[in-house]
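# Remarks on the overall topology
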Amino acid sequence: MSVLPLVFTSGWASGINAYAVVLLLGVFGATGLTDEVPASLQRTDVLVVAGILFLCEAVNDKIPYLDSLWDSVHTVIRPIAGAVVGALLAGQNGSLPELAAGAVGGSTALVSHLVKAGTRMAVNTSPEPFSNIVVSTAEDLGVAGVITFAIFHPVAAASIAAALLLTGLVILVFLASRIRRFRRRRAQRREEKRLAGRGAGSGAPPPG
């Protein structure tokens, strides 16, 4: 069977939480649940690092504004992770060229990441932290569930991932006004900090 459905699903999931994808695939491979996972993802040091980074993301992802900062840093990391995981899966399976698998995994991860980052900007227009916790927990559970399902039913899981990706894009369009509001608020905060710093440096009281 072609590894393409698993590559696509892992790419979608990497755009949301790349560390969870590496950790889950590594554990599934190490425990013998699947032969599709390359040995490089099953190494103990890789699993330990992925586990630590997953815990860091699990915390940062639930704190308003810090989650968007975390997403900004991972704009490059998640697509690269999706591409690398896809290429490794293709190399293990041999049914798809590694370069093509890397392109599929990386591009899918990028689109998925942009959907996640945009959604978080919209969520951060609400001052309370409860919505961030709910959305983050749903993302973690979704990634875990879809990746686990993909190990046993890769085609069905890829269909679910595609539907979720399309749904996310549609939702993002409807949240465009909230995203613009978030960006204006962030720009305003930066300007206030800049003016406050300038006032402190000159010894003059801040404006306003």
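About the thresholds
Residues numbered from 1 in each chain as written. Predicted model: local features only at pLDDT ≥ 70, side-chain atom pairs only at ≥ 80, totals over all residues. Heavy atoms only, no water. Helix = DSSP H or I, 4+ residues; strand = E, 2+ residues; numbered from the N terminus. Buried < 20%, exposed > 50% of the residue type's maximum accessible area, 1.4 Å probe, protein only. Salt bridge = Lys/Arg side-chain N within 4 Å of Asp/Glu carboxyl O. Core = buried A, V, L, I, M, F, W, Y, C linked by side-chain atoms within 4.5 Å. Contact = heavy atoms within 4.5 Å. Expected span 1.5 Å × (residues − 1). Axes fitted to C-alpha atoms, helices over the stretch in contact; angles between N-to-C directions. Parallel < 35°, antiparallel > 145°, perpendicular 65-115°, else oblique. Left-handed = near helix turned anticlockwise from the far one by under 90°. Nonpolar A, V, L, I, M, F, W, Y, C, P; charged D, E, K, R; others polar. Polar contact = N/O pair within 3.5 Å; in protein donor to acceptor, adjacent residues only side chain to side chain.

## Overview of unusual backbone geometry
One non-glycine residue, Tyr 65, lies in the positive phi region at around 70 degrees. You can see Tyr 65 is positioned in the loop between α2 (44–60) and α3 (66–93). Using a relative accessible area of 23% as the deciding quantity, one classes Tyr 65 as partly exposed.

## A few points about the environment of Ser 177
In this structure, Ser 177 sits in helix α7 (residues 176–202). A residue is classified by how much of its surface remains accessible, and Ser 177, at 37% relative accessible area, is partly exposed. Each C-alpha atom, one on Ser 177 and one on Ala 122, is 8.2 Å from the other, the two residues being 55 residues apart in sequence.

## What about the pattern of salt bridges?
By the definition in use, this model includes 10 salt bridges. In this structure, Arg 78 and Asp 71 form a salt bridge, with 2.8 Å as the shortest nitrogen-oxygen distance. Overall, the relative accessible area of 2% leaves Asp 71 in the buried class. Shared partners join several salt bridges into a network, and the residues in it are Glu 57, Asp 61, Asp 67, Asp 71, Arg 78, Lys 116, Arg 120 and Glu 139.

## What to know about the nonpolar core
Val 3, Trp 12, Leu 25, Val 143 and Ile 147 are the most contacted members of the largest nonpolar core, which has 36 residues in total. For this core, the secondary structure elements donating two or more residues are α1 (4–30), α3, α4 (98–123), α5 (130–152), α6 (154–174) and α7. Looking at which element gives the most residues to this core, the answer is α1, with 12 residues. Excluding residues that lie within four positions of it along the chain, Leu 25 makes contacts with Val 37, Val 85, Ile 147 and Ile 151.

## Considerations on α5
Under the 1.5 Å per step criterion, the end-to-end length of α5 is 34 Å for 23 residues, consistent within 8% with the ideal 33 Å. Residues of α5 that are buried include every one of Ser 131, Asn 132, Ser 136, Glu 139, Asp 140, Val 143, Val 146, Ile 147, Ala 150 and Ile 151, and no others.

## Overview of the packing of α1 against α3
Where α1 contacts α3, the two axes come as close as 8 Å, and the packing angle between them is 110 degrees. Classified by the angle their axes make, α1 and α3 are roughly perpendicular. The element α1 and its partner α3 pack so that their crossing is right-handed. From α1, Leu 6, Val 7, Ser 10, Ser 14, Gly 15, Ile 16, Ala 18, Tyr 19, Val 22 and Leu 25 reach across to α3, where they touch Trp 70, His 74, Ile 77, Arg 78, Ala 81, Gly 82, Val 85, Gly 86 and Leu 89. Residues of the contact of α1 with α3, tallied by class, amount to 12 nonpolar, 6 polar and 1 charged.

## Some thoughts on the side chain of Asn 17
Within the secondary structure, Asn 17 is located in helix α1. A polar side-chain atom of Asn 17 sits 3.0 Å from the main-chain amide nitrogen of Ala 20. Separated by 3.4 Å, the side chains of Asn 17 and Asp 140 make a polar contact. Every residue in contact with Asn 17, bar those within four places of it in the chain, is listed here: Phe 54, Glu 57, Asp 140 and Val 143.

## Here we look at the packing of α1 against α4
Between α1 and α4, the shortest axis-to-axis distance is 7 Å and the interhelical angle comes to 35 degrees. In the packing of α1 onto α4, the handedness of the crossing is right-handed. Contacts between α1 and α4 pair Leu 4, Val 7, Phe 8, Gly 11, Trp 12, Ser 14, Gly 15 and Ile 16 from the former with Ala 101, Val 104, Gly 105, Thr 108, Ala 109, Ser 112, His 113 and Lys 116 from the latter.

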